[in-house]
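# Summary of the model geometry
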Amino acid sequence: MFQVNADGVYTDYIETDQVINLMPDGFQPIGQRFTDYLPPEVAQRQLSYLKKAIKTGQNQRYEHQFQWNGKQYSEEVRIVPSGADEALFIIRDISDRKQAEQSLLQKNRELVETLEQLQRAKKAAEVANQAKSAFLANMSHELRTPLNGILGYTQILMRDRSCTPKQQSGILTIHQCASHLLTLINDILDLSKIEAQKIELSAQEFHLKTFLDDVIHICLVRTEQKRIAFVHEFSGTLPDAIQTDEKRLRQILLNLLSNAIKFTDRGSVTFTVTGERCHEIEPFSETTALETNLTGTLTSSLASSAYPVRYRLRFEVRDTGVGIAPDQLEQIFQPFEQVGQHARQTEGTGLGLTITQRLVTLMGGDLKVMSKLGQGSQFGFEIELPGHMGGIAPQPINSSHNIVGYEGKRRKILVVDDRPDNRAVVLGLLEPLGFQLTEARNGFEGIEKAIECQPDLIIADLIMPDMDGFEMTRKLRQLEAFQSLPIIASSASVFEFDRQKSHEAGYDDFLSKPVQADELLNKLETYLGLQWICETTEAKPEMADSTDDAEIIFPPSQELSDLYNAAQIGHIERIKQEAIRLRSLEPRYVAFANKILSLADQFDDIEIIRLIQPCFPVQ
């Protein structure tokens with residue numbers, strides 16, 4: 001602290017610890033000019049502010065930094081007028097504060113830079129994720145399209161009764177290999193959707209016992225092939241009907257059971273399901289709504305009249321297989337990780353347990369595992385689901401192989417797809433059942449053929465040249481005749497946005513490619529209200545042999561025209577389908593139908609023509 005006059009001459013000087021001492025040792029400032037001893041830039045700045053303070057009579061304050069004798073100084077300078085031509089200088093060392101400020105500024109700059117890097121990384125990740133999604137969508141479409149032809153034709157050929165056992169065995173091998181490839185594709189897509197938090201859970205009501213029987217039936221085939229025992233046990237209170245995502249629950253159970261079977265060479269695999277009633281559900285006025293919250297828990301708002309109770313279901317899979325080493329228990333849930341012997345690792349992608357664990361979590365459960373090396377493993381989880389007793393009939397497990405036709409008038413179906421092989425698969429599956437099918441190659445043709453033939457149902461691809469399925473459906477929905485007509489989308493895309501987009505365009509349902517015969521027929525049954533005619537195990541030849549020609553009552557010729565046409569081209573499957581249809585018309589036609597079935601089993605289409613030709617006199 002010091003006082004100077006208007007010329008910068010020291011008139012008083014007080015040295016404190018806070019003053020930066022820039023003067024030489026022993027310096028006596030009184031009577032000296034500070035401009036003679038201070039650094040020139042410092043002295044000139046002080047002199048300028050001094051004159052301003054004296055002239056205005058107002059306090060002056062400033063901060064500055066400067067170099068002196070190789071050191072960096074920071075000062076806060078206050079100048080207070082103390083007379084007509086004098087002022088008091090108060091100088092404080094602020095080096096520490098400035099250093100702290102510089103450090104803070106540096107940290108702030110680093111933080112801003114880090115945030116910018118994170119934003120750039122986030123943007124790059126979003127771009128990469130979009131590219132990944134686009135790649136997976138394209139890959140899925142490109143792989144599923146040829147698989148649709150392979151799996152479609154294996155399903156058609158497996159229905160062909162004229163194939164020899166050896167041929168059927170070869171067809172089955174092709175079908176199994178293609179199905180395995182489809183499973184690998186689905187696993188990769190499922191993992192990608194789970195990682196992107198885009199997995200969709202869709203709840204529906206289904207009969208629990210029928211569902212479990214179906215799972216057990218699949219596993220029995222595999223355990224019989226390996227010659228190991230398969231034990232299933234149900235206990236506790238199991239509801240007749242539950243509501244959850246049937247597809248995902250099936251995927252979870254089959255993944256766990258398939259793993260158990262794969263790693264068990266001797267002994268058994270045991271599947272247990274235990275149930276208990278939990279608590280009443282609070283009543284809701286709105287219709288059923290399914291949501292997946294941010295924590296991944298499956299929640300459902302249910303009408304209290306249909307689902308007044310929740311049930312806790314515990315699923316366990318135990319095996320007597322090779323077991324898992326303790327240090328590998330966590331590893332088994334990592335993507336693409338496989339443990340155990342190398343020979344077994346070649347089966348699958350190493351994604352099954354990863355997907356299973358995340359799906360269980362998504363459904364509100366926690367997948368747990370216990371294992372001892374060389375003794376076996378046990379996987380289990382619990383989930384709470386809405387359910388009830390009664391009110392739903394068990395759905396019989398009818399394979400599409402047993403369906404040979406349907407009752408009632410012939411139904412017309414329009415198939416719209418730009419690929420001939422895709423159209424051929426649907427035609428090959430449905431023509432033998434008596435459907436009248438029309439084809440179109442794009443949306444323009446689809447509209448023309450729809451107006452021309454007035455179909456009962458349309459199956460259309462989404463992506464086609466000239467006019468795609470979305471635009472075709474929107475245009476059809478604008479026509480009064482097609483506003484309520486069932487239109488089913490058939491696409492190799494498995495992403496939810498395509499399903500949503502198809503729904504917004506006016507499609508009623510979605511059929512994934514490769515087309516599965518059972519799924520296709522289930523949708524036709526739903527939208528056309530069909531009653532299927534299934535092939536029975538009756539001893540038809542013996543019944544036919546016990547009936548002589550005198551007892552046969554022929555249906556009217558208009559009912560025989562399709563049978564006659566099928567016989568003329570030697571279409572045995574169509575002949576059988578028509579015979580079964582005729583047998584269901586009236587009891588008096590049973591003997592005639594059995595006679596036709598007997599001849600069809602002998603591939604004697606000539607005799608069938610001879611038998612019914614008199615009903616069609618030459619005009």
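Details of the structure are given in the entry above.
Here's what I pulled together on the structure shown here. Residue positions within a chain follow its written sequence, with the count starting from 1. With the structure being a predicted model, the display of local features is reserved for residues of pLDDT at least 70 and the display and counting of side-chain atom pairs for 80 or more, all residues being used for whole-chain, interface and lining totals. Water and hydrogen atoms play no part in the side-chain values, which are based on all heavy atoms of the structure.

## Quick notes on the overall build of the protein
Numbering goes from the N terminus for both helices and strands, where a helix is a DSSP run of H or I of at least four residues and a strand is a run of E of at least two. What the protein contains, in helices and strands, is 17 helices and 21 strands. Whether two residues are in contact is decided by their heavy atoms, any of which lying within 4.5 Å being enough. Residue pairs in contact within the protein that sit at least 24 positions apart in sequence constitute 69% of those at least 6 positions apart. Per-residue accessibility takes into account occlusion by the displayed protein chains alone, with areas from the Shrake-Rupley method and a 1.4 Å probe. Total accessible area on the protein stands at roughly 32200 Å², and carbon and sulfur atoms take up 50% of it.

## What about the packing of helix α15 (residues 572–585) against helix α16 (residues 590–601)?
Helix axes use the C-alpha atoms of the stretch in contact, all axes being lines fitted to C-alpha atoms, and the angles between their N-to-C directions lie in the range 0 to 180 degrees. Their axes nearest at 8 Å, the elements α15 and α16 cross at an angle of 165°. Overall, the two elements α15 and α16 adopt an arrangement that is roughly antiparallel. Crossing angle aside, the handedness with which α15 passes α16 is left-handed. Between α15 and α16, the residues in contact are Ile-572, Ile-575, Lys-576, Ala-579, Ile-580, Leu-582 and Arg-583 and Val-590, Phe-592, Ala-593, Asn-594, Ile-596, Leu-597, Ala-600 and Asp-601, respectively. The classification used treats Ala, Val, Leu, Ile, Met, Phe, Trp, Tyr, Cys and Pro as nonpolar, Asp, Glu, Lys and Arg as charged, and all other residues, Gly among them, as polar. Among the residues forming the contact of α15 with α16, the class breakdown is 11 nonpolar, 1 polar and 3 charged. An angle counts as roughly parallel when it lies under 35 degrees, as roughly antiparallel when it exceeds 145, as roughly perpendicular when it falls between 65 and 115, and as oblique in every other case. In a left-handed crossing the near helix is turned counterclockwise from the far helix by less than a right angle, and in a right-handed crossing that turn is clockwise.

## Details of helix α14 (residues 557–568)
By this rule the span expected of a helix is its residue count minus one, scaled by 1.5 Å. Taking 1.5 Å per residue as the helical rise, α14 with its 12 residues ought to reach 16 Å, and the 15 Å between its terminal C-alpha atoms agrees with that figure. Within α14, burial applies to Leu-560, Leu-563, Tyr-564, Ala-566 and Ala-567. Each buried residue of α14 sits inside an arc of 160° when the element is viewed along its axis, so together they form one side. On its buried face, α14 sits against α15, α16 and α17 (605–612). Just downstream of α14, Gly-570 is the residue with a positive phi angle, here 70°. Residue exposure (1.4 Å probe, protein chains only): buried if accessible area is under 20% of the type maximum, exposed if over 50%, otherwise partly exposed. Summarising the geometry, the arc corresponds to the directions from the helix axis toward the C-beta atoms.

## Regarding the nonpolar core
Residue types Ala, Val, Leu, Ile, Met, Phe, Trp, Tyr and Cys, when buried and joined through side-chain atoms within 4.5 Å, form a set referred to as a nonpolar core. Counting residues in each nonpolar core, the largest one holds 42 residues, and the members touching the most others are Leu-249, Leu-253, Phe-271, Phe-315 and Phe-381. Mapped by element, the contributors of at least two residues to this core are α4 (208–226), α5 (246–262), β9 (268–280), β12 (309–319), α7 (352–362) and β14 (376–388). By residue number, the principal contributor to this core is α5, which donates 8 residues. Once residues within four sequence positions are removed from consideration, Leu-249 is found in contact with Phe-206, Phe-211, Ile-242, Thr-244, Phe-315, Met-363, Phe-381 and Ile-383. The next biggest cluster of nonpolar side chains, apart from the first, holds 25 residues, and it includes Ile-156, Ile-488, Ala-517 and Leu-524.

## Points about the sheet that holds strand β17 (residues 436–440)
For sheets, the rule is that strands pair by backbone hydrogen bonds, running either parallel or antiparallel. DSSP bridges decide pairing: two strands pair if at least two such bridges lie between them. Taken in spatial order, the 5 strands make up an open sheet running β17-β16-β18-β19-β20, and their pairing is parallel. For this open sheet the edge positions go to β17 and β20 (509–512), each flanked by a neighbour on one side alone. The mean inter-strand angle of the sheet, taken between neighbouring strand axes irrespective of direction, is 20°. Together, β16 (412–416), β17 and β18 (457–460) form the strand contacts of helix α8 (residues 420–430), whose direction differs from that of β17 by roughly 175°.

## Quick notes on the pairing of β18
Residue alternation in β18 divides its side chains into two sets, Leu-457 and Ile-459 and Ile-458 and Ala-460, and both sets are buried. When β16 meets β18, the two strands line up parallel, connected through 4 bridges. Bridge pairing in β18 links Ile-413 to Leu-457. Inspection of the sheet shows β18 paired to strand β19 (residues 487–491) by 3 bridges, in the parallel sense. Paired with Ile-458 across the strands is Ile-487, a residue of β19.

## Description of the side chain of Asp-245
Checked against the element boundaries, Asp-245 lands in the loop between β8 (241–244) and α5. A positive count includes Lys and Arg, and a negative count includes Asp and Glu. His and the chain ends are not counted in either. Here, a salt bridge means any side-chain nitrogen of Lys or Arg that lies within 4 Å of a carboxyl oxygen of Asp or Glu. Buried within the structure, Asp-245 lacks any salt-bridge partner; its nearest side chain of opposite charge belongs to Arg-248, at an N-O separation of 4.6 Å.

## Some details on the sheet that holds strand β5 (residues 86–93)
Overall, antiparallel pairing links the 5 strands, which are arranged β2-β1-β5-β4-β3 in an open sheet. For this open sheet the edge positions go to β2 (10–13) and β3 (60–68), each flanked by a neighbour on one side alone. Here the average twist between neighbouring strands, direction ignored, is 25°. The sheet contact formed by strand β4 (residues 71–81) and β5 spans 7 bridges and is antiparallel. Following the sheet pairing, Glu-76 is matched in β5 by Arg-92. Against the sheet, helix α1 (residues 40–56) touches β1 (2–5), β3, β4 and β5, its axis set at about 170° to β3.

## So, unusual backbone geometry
Going from Lys-513 to Pro-514, the amide bond is cis rather than trans, its omega being 0°. Within the secondary structure, Pro-514 sits in the loop between β20 and α12 (517–528). Here the phi dihedral of Arg-227 falls at roughly 60°; this positive angle occurs in a residue that is not glycine. Judged by its relative accessible area of 78%, Arg-227 is exposed. The backbone of Asp-466 shows a phi angle near 70°, a positive value even though the residue is not glycine. Among the structural elements, Asp-466 can be located in the loop between β18 and α10 (469–477). On the accessibility criterion, Asp-466 (65% relative accessible area) is exposed.

## Quick notes on a nonpolar patch on the surface
Where nonpolar side chains cluster on the molecular surface, the patch consists of Met-1, Ile-14 and Ile-90 and spans about 210 Å² of accessible area. For Ile-14, the location among the structural elements is in the loop between β2 and α1. Patch building starts from residues that exceed 30% relative accessible area and form no salt bridge, then joins like charges within 9 Å and nonpolar side chains (Val, Leu, Ile, Met, Phe, Trp, Tyr) within 5 Å.

## Regarding the pattern of salt bridges
Under the criterion given, the structure shown has 30 salt bridges. Linking Arg-61 and Glu-76 is a salt bridge whose minimum nitrogen-to-oxygen distance equals 2.8 Å. With Arg-61 in strand β3 and Glu-76 in strand β4, this residue pair connects regions lying 15 residues apart in the sequence. Classification of Glu-76 as buried rests on a relative accessible area of 5%.

## Brief notes about the pairing of β5
Bridge analysis of β1 against β5 gives 4 bridges, and the strand direction is antiparallel. Directly across from Val-4, in β5, lies its bridge partner Ala-87. Once β4 ends, the chain turns through 4 residues before running back antiparallel as β5.

## Describing the packing of aromatic side chains
For Phe, Tyr and Trp, rings pair up if their centres lie within 6.5 Å, where Trp contributes its six-membered ring, and each pair is then called stacked (planes under 30 degrees apart), edge-to-face (over 60) or tilted (otherwise). Evaluation of the coordinates by the stated rule reveals 10 aromatic pairs. Between Phe-2 and Tyr-10 the ring centres are 5.0 Å apart and the planes differ by 65°, which places this aromatic pair in the edge-to-face class. The two residues Phe-2 and Tyr-10 agree in class, both being buried. Judged by centre distance (5.5 Å) and plane angle (25°), the ring pair of Phe-66 and Tyr-73 falls under stacked. A residue is classified by how much of its surface remains accessible, and Phe-66, at 3% relative accessible area, is buried. Here Tyr-73 falls in the buried class, since its relative accessible area comes to 13%. Grouped by ring-pair contacts, the aromatic residues Phe-2, Tyr-10 and Phe-89 constitute a single cluster. Here, a charge over a ring is recorded when the distance from Lys NZ or Arg CZ to the ring centre is within 6 Å and its angle to the ring normal is within 35 degrees. The side chain of Arg-410 reaches across the aromatic face of Tyr-406, ending 4.2 Å from its centre. A cation over a ring is seen here: Lys-501 above Phe-470, with NZ or CZ 4.6 Å from the ring centre.

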